[in-house]
Amino acid sequence: MEEVTVIGIDLAKSVFQLHGAAASGRPVFRKKLSRAQLTRFMADHPPCLVAMEACASSHYWGREFMKLGHEVRLIPPIYVKPFVKRQKNDANDAEAIAEAVVRPTMRFVSVKSEEQQARSMVFKTRDLLVRQRNALINALRGHLMEYGIIAPPGRTFVRKLEAQLDAPESTLPSGVIELCRLHFEQIGSLDIRIMRIEKRLKEEAKSDPETIRLQTAPGVGPVSAMAIQAFAPPMEGFRRGRDFAAWLGLVPVQKSTGGRQILGRTSKMGQRDIRRLLIIGAMTRVRWAVKNGPPKGSWLEQMLGRKPRMLVAIALANKTARAIWAMMTKQEDYRDPALAA
């Protein structure tokens, strides 16, 4: 029997499908193992290349297999799909993973540490609470609109709705007032929880030298710096700043053919949390420049003179991402991209 050099694993909760292949690519075994059997099998197997899709629990299994001496590579599921033959099932998925991992141009996802995943969980929890708060505010505005009580969209105008609810001339039914107060209580409770998480992020940002350094970049605050530390892979993995910006999805979609370059909207095919925070920070700088006037002769002044604000903000976020890469890798001198000529 040929020696197994690659094992592709289709992850699941309880039943895992394994596909072992030799260096020539020839299949050696196909196994279906339970959770307990998988741990024992990988512990007894000689060290080899283990490939999995970057999905739920993949980072946990990656850390476990690395402890056993295996080399682990995680592949984005979208890159595995072209290697699936005919019918889609666990066995074909595991075989496709084993074939995709040996491609010389394949891209991989870095295995995250427990600390890095803990940081990302903080951001995911904050994002969930913010979405719940927005849903409550929108529901409240919709309900009160049926009774002629309106307010502009946004969290800052919630108190205006509450003031109209408590007005002496209010003719709202008692049941509506009671339910609205329940909405206000839930919104207030979410405000407190979100503030606690943001306070924790800011405190951690003050104690980490890397996040302190990141905050020297204009448009990057404590939350953005912590997000970069939590979600971004090592910057040394990118050859240049443009690659990091493309990884974030801050580049246009290409539909080029026949030597003709056709660029579309922003791809958004990348890390959503960092991309959104960089765009928010860039939009803040754009608003400040529109209000106070951009520096004379700067790139920002030229762009604002001929492009929409949101497009300028996305372009500035792209430049900021490239500047962050230069700052973290220390391969180039950092310069404020908005002030460049």
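These figures come from a predicted structure and were not determined experimentally.

Applying the stated criterion to the full structure yields 8 aromatic pairs. Plain terms: the ring middles of F244 and W247 are 6.1 Å apart, the flat faces sit at 15 degrees to each other, and that makes the pair stacked. Of the two residues, F244 and W247 are both situated in helix α10 (residues 241-248); the distance of 3 residues between them amounts to about one turn of the helix. Within the aromatic cluster, the residues linked to one another by ring pairs are F16, Y60, W61 and F65. The ring of F29 carries K31 above its face, with NZ or CZ at 5.6 Å from the centroid.

Here α10 crosses helix α13 (residues 309-329) at 125 degrees, and the two axes come no closer than 8 Å. Between α10 and α13, the angle is such that the two are oblique. Note on packing geometry: the crossing formed by α10 with α13 is right-handed. The residues of α13 that touch α10, namely those facing G241, R242, F244, A245 and L248, are N318, A321, R322, I324 and W325. Split into classes, the residues belonging to the contact of α10 with α13 amount to 6 nonpolar, 2 polar and 2 charged.

Mapped onto the secondary structure, A323 falls in helix α13. You can call A323 buried: its relative accessible area is 9%. Along the sequence, A323 and F83 sit 240 residues apart, while their C-alpha atoms lie 36 Å from each other.

Backbone hydrogen bonds are what pair the strands of a sheet, in a parallel or an antiparallel way. Spatial ordering of the open sheet is given by β3-β2-β1-β4-β5, a layout of 5 strands whose pairing is mixed. Of all the strands in the sheet, just β3 (27-34) and β5 (71-75) have a single pairing partner and so form its edges. Adjacent strand axes in the sheet meet at a mean angle of 20 degrees when their direction is disregarded. For strand β4 (residues 49-53) and β5, the ladder comprises 5 bridges, and the chain directions are parallel. Bridge pairing links E53 to I75 in β5. Along the sheet, helix α2 (residues 58-67) contacts β1 (6-10), β2 (15-21), β4 and β5; its crossing angle with β4, the most-contacted strand, is approximately 170 degrees.

The rules behind each value
Residues numbered from 1 in each chain as written. Predicted model: local features only at pLDDT ≥ 70, side-chain atom pairs only at ≥ 80, totals over all residues. Heavy atoms only, no water. Phe/Tyr/Trp six-rings, centres within 6.5 Å; stacked < 30°, edge-to-face > 60°. Helix = DSSP H or I, 4+ residues; strand = E, 2+ residues; numbered from the N terminus. Lys NZ or Arg CZ within 6 Å of the ring centre and 35° of its normal. Axes fitted to C-alpha atoms, helices over the stretch in contact; angles between N-to-C directions. Parallel < 35°, antiparallel > 145°, perpendicular 65-115°, else oblique. Left-handed = near helix turned anticlockwise from the far one by under 90°. Contact = heavy atoms within 4.5 Å. Nonpolar A, V, L, I, M, F, W, Y, C, P; charged D, E, K, R; others polar. Buried < 20%, exposed > 50% of the residue type's maximum accessible area, 1.4 Å probe, protein only. Pairing = 2+ DSSP bridges.

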